[in-house]
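Chain by chain, the residues run as shown.
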Amino acid sequence: MKGLCRLFLAIFLLLTSIQPVLADFDSALNAFRQQRYAEAAAEFKKCDSAKANFYLSLMYGMGWGVAQNKEESVGFLRRAKKLELLETNQLALVTSDK
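This structure is a prediction, so every number in the text was calculated from the model and none was measured.

Next up on the list: unusual backbone geometry. Positive phi, close to 60°, is recorded for Q35, a residue that is not glycine. You can see Q35 is positioned in the loop between α1 (2-33) and α2 (37-47). Unusually for a residue other than glycine, D48 sits at a positive phi of about 55°. Note on placement: D48 falls in the loop between α2 and α3 (50-62).

This next bit is on the environment of G65. Turning to its location among the elements, G65 is positioned in the loop between α3 and α4 (70-95). On the accessibility criterion, G65 (41% relative accessible area) is partly exposed. C-alpha separation for the pair G65 and A38, spaced 27 residues apart in sequence, amounts to 4.1 Å. Beyond its immediate sequence surroundings of up to four residues, G65 is in contact with Y37 and A38.

Cut-off values and rules
- Residues numbered from 1 in each chain as written.
- Predicted model: local features only at pLDDT ≥ 70, side-chain atom pairs only at ≥ 80, totals over all residues.
- Heavy atoms only, no water.
- Helix = DSSP H or I, 4+ residues; strand = E, 2+ residues; numbered from the N terminus.
- Buried < 20%, exposed > 50% of the residue type's maximum accessible area, 1.4 Å probe, protein only.
- Contact = heavy atoms within 4.5 Å.

So this is what it looks like as structure tokens:
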């Protein structure tokens, strides 16, 4: 029972902290799809999620809305990979039954 309470608390905290980030990501993704790349880049930078960093990597690699910069592109791609691993590990910890 104690583990179940911790699981629900962790999920609640995770969901309440993600909502503003999702809102920024959604608006950034909409701007990206409409080719408003400068606006999308600014919004993606506010998110700091794996997906947002992936899009920033793509944008810097192609020069969409930002100055083309291969080093920045690689940096954002590495950050995306790191964040994806962290997000995966957090989910695994929440769902583990210890």
